[in-house]
Structure formats: C-alpha cells, structure tokens
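If you want the building blocks of each chain, they are given just below.
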Amino acid sequence: MKICFLGCGNIAQAIIDGLLKSGMQPSNIACIERNEHRVKLLKSQNLQIIELDNLASLGFDLILLAVKPKDALSAEESIFKHAPKAIILSVVAGIGIEKYSQPKSIIRAMPNTACAFGKGVTAIYSVDQNSKAFILAKSLFKKVGHVLTLQNEEEMHRFTSIIGSGQAFLFLVLNTYLNELEKISSTDQVATKSMFQDFISSLGDSFSQDLNFESLINKIKSPGGTTQAGLESLENNNLDKILQDAFQAAEDRSIEISNEQ
Ligand SMILES: NC(=O)c1ccc[n+]([C@@H]2O[C@H](COP(=O)([O-])OP(=O)(O)OC[C@H]3O[C@@H](n4cnc5c(N)ncnc54)[C@H](OP(=O)(O)O)[C@@H]3O)[C@@H](O)[C@H]2O)c1
C-alpha cells in the first residue's frame, strides 16, 4: 500500500508513527506539508516530502487528508487538480462527504491519537463500503488499532464526542485524581507522575482481565465501606448525567461545525 499524507500535523503524525511501528516501510509513505518544523521531523523519519505536482506520477492508493477544516476544501481542489483519479481518505472533522466537490472519491475517517501506539479507535464511513479503496482504508487503520465501520455518516458526530473529545474528558477527570495525590505525596513530582502512570495503565490491565466494569467495581467495594460511600456520592451527584451532557454538548458542536463549512 502506498499512501500520501496531505497535512502532517498532530493526527497525521500519530498515524504515521503507528504505521511505522506496525512495520510499514517509510518508502511507502509520502508527505505534503508546508510547515518547516514538521518537515524536519518527517525527514528525520526517512519519509519522502513531495509536492502536489508529483501526486499523479507517484501513484498513491490513498491520499490521507489531514488539514484543519478551514483548509480542507481548497486542499481537496488542489489534489483533484493534480491527480483527478485520486481517492481521498479525509480525517477532517465536521466536513461531510457531500461538502466535497467529488463525494464519490471521498472516504471519511475519524481516528484518535492512540494510533501512535497501535491502540487507535477509528470510525470510518463511505457511500460505497464494498469498494477496493474502502477495504484498503480499513486495512490501513487496522494496522494502527481498531476500526468501527459506520452505516450512517451522521453517527460520526456521536463517535467524535465519545472517542475523540471523550478521551479529553477522561484526562480531565484523571487530572483531578493526580492533583489530589500530589497534595499528599511526599516524593517529588516526577516520582508521583510515574506512580500515577502505573495507576492509569493498571485500569486497562484490569479491564482486559474482566471486561465488565460492574464486576470490577464489585471487587473493590464492600457493603458500608469507603468505596460504596464514594460511589453513592457520585450517583447522588448524577455522574452519569454529567457525562451524557458532555457527550451531547460535543456532538451538538460537531453538528454546528459541519453546518458552518
Ligand atoms: N488532532 C486530533 O486528535 C484529531 C483527531 C481526529 C481528526 N482530526 C482532524 O484532523 C485534521 C488535522 O488536525 P491536526 O490536529 O493534525 O492539525 P494540525 O496539527 O494543524 O496539522 C495540519 C497540518 O497541515 C498543514 N497544512 C494545511 N494545509 C496544507 C496544505 N495545503 N499543504 C500542506 N500542508 C498543509 C498545516 O500547516 P500550517 O500549520 O502552516 O497551517 C499543519 O502543519 C483536522 O481537520 C482535525 O479535525 C484531528
């Protein structure tokens, strides 16, 4: 598979890092990027930096579009100007397939930065889900994590709110834990952070052993104990609703952004 990234910022870099870790050869990845600092980083990974003029002649299977929404439609126009038969795999948030000038040549995906560690969760959608390009796009994201195929493009908004933005909601919650731990920790900040790193990764380890949060909670709480007291406080304060409201706010904003384009 030969792939060209147009726009190589945060998310493209995460996907590239994951692809290289999965064993993909740097010679199969090319980049079009205008930011000099980014270009230096990409060159240090032995990736080819190319210009739009080379797009058609180098014969890429997919052009992965990863620019900010404001730059997406002009970038699409320049891709088709230089490579009229290109298939664009767009990870741009909020721009629906119908907004592009050639919807049939667009596949939409919403990855997250965990792709860098091979633990990405990517939602993917296109009108024709049996096409060779769509199957190829799915196999690309499978190299860097999990893939969720959506049947309806509208579901992209909800997915973005849970897995995209939702990752940041958990970071915010964990930051409260860290701040509390730092208040009582007698070791230096680096040691506390390292301790906390293990605490976070043990949550994933626990889930991979049991796969059921209710039973994991039951292993910690005992009747009338400290955990039960804390859990009751969270329930009384309606934690579930707080999170549902956050998902809804993010989803509403995603819909709003798509209407702004
Ligand atoms: N970050 C995430 O976690 C994430 C997750 C899923 C989806 N997305 C989506 O992915 C897209 C990119 O996000 P990001 O956070 O990676 O943005 P970013 O860090 O700003 O990266 C975009 C890069 O593309 C460059 N660029 C823009 N237009 C270009 C052009 N015509 N030719 C060459 N280079 C060009 C930008 O250069 P300049 O700096 O000069 O503009 C920038 O270096 C967004 O649409 C976002 O919605 C992001």
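Residues numbered from 1 in each chain as written. Predicted model: local features only at pLDDT ≥ 70, side-chain atom pairs only at ≥ 80, totals over all residues.

Peer 1: Can you walk me through the nonpolar core in this structure?
Peer 2: Residues Phe-5, Leu-6, Ile-63, Leu-65 and Ala-66 are the most contacted members of the largest nonpolar core, which totals 51 residues. Those residues in contact with Phe-5 that sit more than four places away from it in its chain are Ala-12, Ile-16, Cys-31, Leu-64 and Ala-66. (Core = buried A, V, L, I, M, F, W, Y, C linked by C-beta atoms within 7 Å. Buried ≥ 20, exposed ≤ 12 C-beta atoms within 10 Å, placed from the backbone. Contact = placed C-beta atoms within 7 Å.)

Peer 1: Explanation requested: the site of the ligand in the structure shown.
Peer 2: Surveying the vicinity of the ligand reveals 25 residues, the closest of which are Gly-7, Gly-9, Asn-10, Val-92 and Ala-93. At the level of secondary structure, the elements contributing two or more residues to the shell around the ligand comprise α1 (10-21) and α4 (69-82). For the shell around the ligand, the class distribution of residues is 13 nonpolar, seven polar and five charged. (Near = placed C-beta within 6 Å. Helix = DSSP H or I, 4+ residues; strand = E, 2+ residues; numbered from the N terminus. Nonpolar A, V, L, I, M, F, W, Y, C, P; charged D, E, K, R; others polar.)

Peer 1: Any chance you could explain the domain arrangement of the chain here in plain terms?
Peer 2: When the parts come together, some accessible area is lost, and that loss is often what is quoted as the size of the interface. Split by domain assignment, the chain resolves into domain 1 (3-153) and domain 2 (158-260). Between domain 1 and domain 2, the C-alpha centre-to-centre distance is 31 Å. For the side of domain 1 that touches domain 2, the per-class residue count stands at eight nonpolar, three polar and no charged. (Domains from an automatic or database assignment.)

Peer 1: What is the right way to look at the packing of helix α6 (residues 155-184) against helix α7 (residues 189-210) in this model?
Peer 2: Interhelical geometry of α6 versus α7 gives an angle of 135 degrees and a closest axis separation of 11 Å. Our classification of the angle between α6 and α7 gives oblique. Classified by chirality, the crossing of α7 by α6 is right-handed. In this structure, α6 contributes Leu-174, Leu-178, Leu-181 and Glu-182 to the contact, and α7 contributes Gln-189, Thr-192, Phe-196 and Ile-200. Per-class residue counts for the contact of α6 with α7 are five nonpolar, two polar and one charged. (Axes fitted to C-alpha atoms, helices over the stretch in contact; angles between N-to-C directions. Parallel < 35°, antiparallel > 145°, perpendicular 65-115°, else oblique. Left-handed = near helix turned anticlockwise from the far one by under 90°.)

Peer 1: Just checking my understanding: could you explain the pairing of strand β7 (residues 120-125) for this structure?
Peer 2: As a general feature of sheets, a regular strand has side chains that alternate between the two faces. Of all the six residues making up β7, five are buried; the element is thus mostly covered by neighbouring parts of the structure. Relative to β7, strand β6 (residues 106-110) is paired through three bridges, and the arrangement is antiparallel. Among the inter-strand pairings, Ala-109 is bridged to a residue of β7, identified as Ile-124. Relative to strand β8 (residues 145-149), β7 runs parallel, the two being bridged by five bridges. From the neighbouring strand, Ala-123 faces β8, where its bridge partner is Leu-148. In this fold, β7 hands off to helix α5 (residues 132-142), which returns the chain to β8; that crossover is right-handed. (Pairing = 2+ DSSP bridges. Right-handed = clockwise from strand over helix to strand, strands pointing away.)

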